[in-house]
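# Structural description and commentary
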Amino acid sequence: MLAKAEERKPKKGGGKKRRHPGEDGDGGERKRRGGEEGEKGQGDGGRKRLDALSVGYFRRVGERLSEGFEDNEEREMFVENVLTEVRGKATLVAMDRTGSITLQRLLPLSSPDQAGEVLAELGGESGSKFKPVSCDRCGGHVVESAVRQMSRVMEKEPSATTEEEEEESCAVLEAQVLTLSQVVRDNCGEFIKHVHGSHVVRTLLHVLAGCLGPPRTESRPGTKERAVVPQLTDFEIPTSFWYELKSLTETLMDNVNLSVTDAAASAVFQTMLTVCHRKRPKLCKQLLKRIMEYLTSCRAAPGVSPLLVFLKDQASSRLIETIIQLSHKSLLRDLYKNHLKGQLVDLALHPIANFPIQRLTAASAKHKVFLRLFDELIQGVEAVLAAGHMGVIVQLAESCAESEEKQEELMQCLLQAFHCAEPGSRHVNCLPLFMSLLTYEVYYHSDTAEGDTQTEVPLSSICYHGSRLVQALARFKERSLLLSSLRTLTPADLLKLACDPAGSHVLQALITTSSDKGRGKILKRLEGQYVQMACSRLGSRVLEAVWNSASVNHRQSIAQELVGSESQLRADQFARHVWAKFALSHFTHRRAHWQEIQTGESKKRKLFNDILE
């Protein structure tokens, strides 16, 4: 069938071929040797390699998969044919880069029974081969992909198979997952310390718990990964998995000492806590308590908590971050009272320990212990700013906004730290200073802290953490200082703020959280800038957010200015969307009807806000 597909459809990519490990360097020589299966690879410690002809076959399978299938029958037949070729040499295929990539794409298209058969061959009798395959750079991905297919077992799809046949089909994969878990338990220390094997354990924990995130992908050199928390999807699990997860966590806890010395093992424990917190809260609570007991029982200098050492270590600090995020009130209180009290500023100044302190500040926001944390951290705000650990300050502001506590104290402390508290005339300069994270003297190039002479400086140096800080401060109950400072900016500065990647979020937060009267004062300053905002990628988004929170009169003023540049707005790639969303054609030709619609929307929005309040 593969051959027929190749005849039917031309190859993509204009005949260019991607180089593969089976072909680079001496690929041509290997083909001349006849492509003997089981060829010895150079630099692989004599490990068997997939022959060149098979590598070419699986590359063509990958190309065919990219083309898609006309119907399910064609797809099922294709998958069956390819898995027939894999049968008998699944381990070789899985441990080859091309074969591994192809199998990872093929397994989600296979039935759970087929995935179970592949896993059974990879594991061999009694799962004895699972360890070398799972700890292989390529093979580990295939094992993960096969195990992940367990999430499809409980999906109810109409089919011709009977319930008994369905259960029998699922039983193969279920049995293999349990066998793999047994192998992991028997070799736990080696698995969780291995850079590739640890990923298999983490996927296994997800599957046994009944929640999965997106599949793991190979990171390419030179690309920057975004630190985004993966979204987990829940699925039903068989009863056997419920008990197996308990057994696996018990075995992991026997190796808890590795969690503080090895980065890969630490990641496994973080995954264990995360999935248990989501699916087995009581079990998670027990695990948190036991891990904390271990961490606090380790030897340290007399009178010094061992946690202070672990918080400064790269591997163990990440585990403690996870513990803090998942902890309940009593554990957080105990952590601060018995281990961290009096040490928060020193930890906030440490290049590694400041991150767990950020998590602690966030987790305690809804509890009374936050007040004690705040009183201690506020003493070192200037030192933390000088150290460049802006995340600590931003999180402190966000926690104050969430808890609605200590807001006035933090604002006064920030004014002092940025040297704009005294004289009082400097208060109106706080916004540019907060956004740039520069003191008054540095920002305004002033030589003396006492000097009142101030030259007008164009808005500049808006940074990410400065933007985050002001967005948090914009959620405070008292925002008059920020709004007064915003109103002193020139229209040109406001336009720059609206079109800046970091500044646009600040302007949006301040305008949308203002009262109608305060919003009107800001919009008055923006008059004459709306057309340029609409033609900016970021400015147009701010303008839309302002529009959604504006009164009918404010909308009318904005629309009146925009319609004067109709041709420019319609021709611009960003502004044309503004033109359509604001219904400006309607405003031009049927103004009474436009105003009626806007009034109706305004009433609905006001009613909705009243309900929420």
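Residues numbered from 1 in each chain as written. Predicted model: local features only at pLDDT ≥ 70, side-chain atom pairs only at ≥ 80, totals over all residues. Heavy atoms only, no water.

### Things to note about the overall build of the protein chain
Selection criterion: Helix and strand definitions here come from DSSP, where helices need a minimum of 4 consecutive H or I residues and strands a minimum of 2 consecutive E residues; each element is numbered from the N-terminal end. We call a residue buried when its accessible area falls under 20% of the maximum for its residue type, exposed when it is over 50%, and partly exposed in between, using a 1.4 Å probe and counting protein chains only. Contacts were defined at the residue level, with two residues in contact if any of their heavy atoms lie within 4.5 Å. Shrake-Rupley sampling with a 1.4 Å probe provides the accessible areas, and residues are treated as covered by the protein chains on show and by no other component.
Across its full length, the protein chain carries 38 helices and 4 strands. Considering the protein chain as a whole, with its 613 residues, one finds that 49% of them fall into the buried category. Once local pairs closer than 6 in sequence are excluded, the contacts in the protein chain between residues at least 24 apart make up 70%. Here the protein chain has roughly 31,100 Å² of accessible surface; of this, 50% comes from carbon and sulfur atoms.

### With respect to the nonpolar core
Stated formally: The set of buried Ala, Val, Leu, Ile, Met, Phe, Trp, Tyr and Cys residues whose side-chain atoms join them within 4.5 Å is what this entry labels a nonpolar core.
Formed by 176 residues in total, the largest nonpolar core has its most connected members in M272, I291, F434 and L562. If you tally residues by element for this core, the top one is helix α23 (residues 390-403), at 8 residues. Those residues in contact with M272 that lie beyond four places of it in its chain are L205, T249, L252, M253, L287 and I291.

### Points about the side chain of S327
Definition in use: Pairs of N or O atoms are called polar contacts if they sit within 3.5 Å, as long as, within protein, a hydrogen donor faces a hydrogen acceptor (for residues adjacent in sequence, only side-chain-to-side-chain pairs).
Summarising the element assignment, S327 is placed in the loop between α17 (314-326) and α18 (329-340). S327 gets classed as buried once you look at its relative accessible area, which sits at 14%. Side-chain polar atoms of S327 contact the backbone oxygen of I323, separated by 2.4 Å. Setting aside its immediate chain neighbours within four residues, S327 contacts L288 and L332.

### Things to note about the confidence of the model for the protein chain
Keep this limit in mind: For every residue, the predictor assigns a confidence score, pLDDT, that lies between 0 and 100.
Predicted confidence across the protein chain gives a mean pLDDT of 84, with 84% of residues reaching 70 or more. Every residue in residues 1-43 is under pLDDT 50, and counting partners more than four places away or in other chains gives 57 contacts. In this model residues 156-161 is a low-confidence stretch, pLDDT under 50, and it forms 2 contacts with partners more than four residues away in sequence or in other chains.

### Some points on the packing of helix α30 (residues 503-512) against helix α31 (residues 516-526)
The criterion, for reference: Throughout, an axis means a line fitted to C-alpha atoms (over the contacting stretch in the case of helices), and angles, computed between N-to-C directions, take values from 0 to 180 degrees. Roughly parallel covers angles under 35 degrees, roughly antiparallel covers those over 145, roughly perpendicular covers 65 to 115, and oblique covers all other angles. The nonpolar class holds Ala, Val, Leu, Ile, Met, Phe, Trp, Tyr, Cys and Pro. Asp, Glu, Lys and Arg form the charged class, and all remaining residues, Gly among them, are polar.
Following both chains from N to C, one finds α30 and α31 inclined at 135 degrees, their axes separated by 9 Å at the closest point. Put simply, α30 runs oblique to α31. Each of L510, I511 and T512 in α30 lies in contact with α31, whose residues at this interface are R519, I522 and L526. Considering only residue class, the contact of α30 with α31 consists of 4 nonpolar, 1 polar and 1 charged.

### Quick word on the pattern of salt bridges
Applicable threshold: Here, a salt bridge means any side-chain nitrogen of Lys or Arg that lies within 4 Å of a carboxyl oxygen of Asp or Glu.
For the coordinates displayed, the defined rule picks out 19 salt bridges. E544 is paired through a salt bridge with K581; the nearest N and O atoms lie 3.1 Å apart. Pair noted here: E544 is in helix α33 (residues 537-549) and K581 is in helix α36 (residues 575-581), with a separation of 37 residues, a long-range link. Classification of E544 by relative accessible area gives buried; the value is 19%. Linked through salt bridges whose partners overlap, the residues forming this network are R64, E67 and E74.

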